[in-house]
Amino acid sequence: MSLSITGTGAVTPSGWGVAAMMAALESGTIAPLSEIERPLDGGVVSTKVLRVPQDNSAVPKFARLRRASPISKFAAAATMEALGPDRVAASIAGELRVGVIFTLTNGCVNYSNRFFGEVLADPSVASPILFPETVFNAPSSHLSAMIGGRSPNDTLVTDGTGFFTGIDLAAEWLLRGDVDGCVVVASEELDWLSAEALLHYSRSYVPAEGAGAIYLEKSDAGPLLLRLPDPVSFSSLSRSEAAVRIRELVAAGNDGSTLWVDGTIGNSRIDAAEESAWSSWTGPRLSPRRVLGESMGASSALQFVAAVEAVKSGAHPQAVITAVGGNQQAAGALIG
């Protein structure tokens, strides 16, 4: 059965929408850095980050999003772009069964910070309105409500390769007939805790936020999902061995025309496993994280969106997407 990617959506530090992201990747233009400050008794700790530009007009108009945190607003915008107005209308009317799979690593940290800050300061005034927005599946709940969803909805908390697992689950739902189509979306927001924590792994990371989404259905209308091997766990193999195994399983042709969309950030230590596994690659290559920053769970989603757009444009007949996660697995896929 043919599984096709017929919609994409993105929110990045380069702007709201896939077009803004692709323009940044094509030019290599990195968005202006901003700072997150953490107050201390003796001053402040400042961390440079890549933030999504504020644009209230880009956020879908939906009552539940008024008090939602940025992670939900990013996810909603990417999802609506990937689905398009016709599919949204059909879903709300009950004419299209759209599944929702949301993947993330970091989660709803903004409202968690605010809520637990209130608890520590004075438990009697901690806002119960904020608490629902602190849980991992808050964004996916908003998404299903927004499209009038009556179909399965799931949230996967994983490392930076979780988007591949989300696509695998979507394929299972489609092949089993549980849904007519499935939107897979990953989103992340920033606060000082996540930004500073990321830099403990490498000072080369540029913490970022944003969202990426794809719409998957049974058709031949868009780039096909040609190969999606099971991710290779680090439980029995090293990161380097897992990266090599993924290259073998994806079996992308090094023919000079297939595009490789990698998960590297430009740091030799962090990138070593992926660079070594693909050291013989001679074809075209795209490294979205070096332009868009490290948005944790959303980064591999943005890689996937970039690959789909490159194939849709006719620039490349196929694209292979790979990522080596932080602590769980290595993953890859081939589209074309």
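Basis of the calculations
- Residues numbered from 1 in each chain as written.
- Predicted model: local features only at pLDDT ≥ 70, side-chain atom pairs only at ≥ 80, totals over all residues.
- Heavy atoms only, no water.
- Helix = DSSP H or I, 4+ residues; strand = E, 2+ residues; numbered from the N terminus.
- Rg over C-alpha atoms; globule rule 2.2 N^0.38 Å.
- Buried < 20%, exposed > 50% of the residue type's maximum accessible area, 1.4 Å probe, protein only.
- Contact = heavy atoms within 4.5 Å.
- Areas by Shrake-Rupley, 256 points an atom, 1.4 Å probe, with all protein chains shown as cover.
- Lys, Arg positive; Asp, Glu negative; His and termini not counted.
- Charge placed at Lys NZ, Arg CZ, Asp CG, Glu CD.
- Pairing = 2+ DSSP bridges.
- Salt bridge = Lys/Arg side-chain N within 4 Å of Asp/Glu carboxyl O.
- Polar contact = N/O pair within 3.5 Å; in protein donor to acceptor, adjacent residues only side chain to side chain.
- Phe/Tyr/Trp six-rings, centres within 6.5 Å; stacked < 30°, edge-to-face > 60°.

Chemist: In this structure, what is going on with the overall build of the chain? I would like to understand it.
Modeler: A tally of regular secondary structure across the chain gives ten helices and 14 strands. Relative to the 2.2 N^0.38 estimate, which gives 20 Å for 336 residues, the radius of gyration of the chain is 19 Å and therefore close to what a compact globule would have. In terms of overall dimensions, the chain has a C-alpha envelope of 60 × 50 × 40 Å along the principal axes. For the chain, the proportion of its 336 residues judged to be buried stands at 56%. Partitioning the intrachain contacts of the chain with sequence separation of at least 6 by distance along the chain shows that 76% fall at a separation of at least 24. When the accessible surface of the chain is summed, it comes to about 13900 Å², and 52% of that surface belongs to carbon and sulfur atoms. Taken together, the 24 basic and 34 acidic charged side chains of the chain have centroids lying 2 Å from each other.

Chemist: What is the right way to read unusual backbone geometry from this model?
Modeler: Most peptide bonds are trans, and most residues other than glycine sit at a negative phi. At A251, a position not held by glycine, the phi torsion is positive, near 55 degrees. Looking at A251, the relative accessible area reads 41%, which means it is partly exposed. Within the chain, M296 stands out as a residue other than glycine whose phi angle is a positive 55 degrees. Looking at the secondary structure, you find M296 in the loop between α9 (289–292) and α10 (299–312).

Chemist: Would you explain the environment of T161 in this entry?
Modeler: Within the secondary structure, T161 is located in the loop between β6 (153–157) and α5 (162–176). T161 gets classed as buried once you look at its relative accessible area, which sits at 0%. For the pair T161 and G263, spaced 102 residues apart in the sequence, the C-alpha separation amounts to 9.4 Å. Setting aside residues no more than four positions away along its own chain, T161 makes contact with S300, A323, V324, G325, Q329 and A331.

Chemist: Looking at this structure, how should I read the sheet that holds strand β5 (residues 98–104)?
Modeler: The strands that make up a sheet pair up through hydrogen bonds in the backbone, lying either parallel or antiparallel. Strands sit in the order β2-β1-β8-β7-β5-β6 across an open sheet of six strands; the sheet is mixed. Bordering the open sheet on either side are β2 (15–16) and β6, each of which pairs with just one other strand. As defined by bridge partners, strand β1 (residues 3–12) adjoins strand β8 (residues 210–218) across eight bridges and the pair is classed as antiparallel. Bridge pairing in β8 links G9 to A213.

Chemist: I would appreciate a short explanation of the pattern of salt bridges in the present structure.
Modeler: Pairing is possible between side chains of opposite charge, provided their charged atoms come close. A full pass over the atoms with the stated rule returns 14 salt bridges. Two residues, D271 and R290, come together in a salt bridge whose shortest N-O distance is 4.0 Å. Linking D271 in helix α8 (residues 268–277) with R290 in helix α9, this pair joins segments that are 19 residues apart in sequence. Look at D271 and you get buried, because its relative accessible area is 4%. Overall, the relative accessible area of 36% leaves R290 in the partly exposed class. Here E309 ties to K312 by a salt bridge, and the two come within 3.2 Å at their closest N and O atoms. Within this pair, E309 and its partner K312 are both found in helix α10, separated by three residues, close to a single helical turn. Judged by relative accessible area, which is 16%, E309 ranks as buried.

Chemist: Sorry, what's going on with the side chain of D262 here?
Modeler: Within the secondary structure, D262 is located in the loop between β11 (259–261) and α8. We classify D262 as buried; its relative accessible area is 0%. A polar contact is formed between the side chain of D262 and the side chain of S287, at a distance of 2.8 Å. Apart from the residues within four sequence positions on either side, D262 is in contact with E274, R285, L286, S287, P288, Q303 and T322.

Chemist: How should the packing of aromatic side chains be read in this particular structure?
Modeler: We describe a pair of aromatic rings using the distance from one ring centre to the other and the angle between the two ring planes. Under the defined criterion, the tally for this structure stands at eight aromatic pairs. Aromatic pair F164 and F304: ring centres 5.8 Å apart, planes at 70 degrees, arrangement edge-to-face. Here F164 is found in helix α5, whereas its partner F304 is found in helix α10, with 140 residues between them in sequence. The burial state of F164 is the same as that of F304; both residues are buried. For the ring pair W260 and W281, a centre distance of 6.3 Å and an interplane angle of 65 degrees mean the geometry is edge-to-face. Here W281 lies in the loop between α8 and β12 (285–286) and W260 lies in strand β11, a separation of 21 residues in the sequence. A residue is classified by how much of its surface remains accessible, and W260, at 1% relative accessible area, is buried. The exposure class assigned to W281 is buried, which follows from its relative accessible area of 10%. Chaining the aromatic ring pairs together yields one cluster made of F115, F116 and F131.

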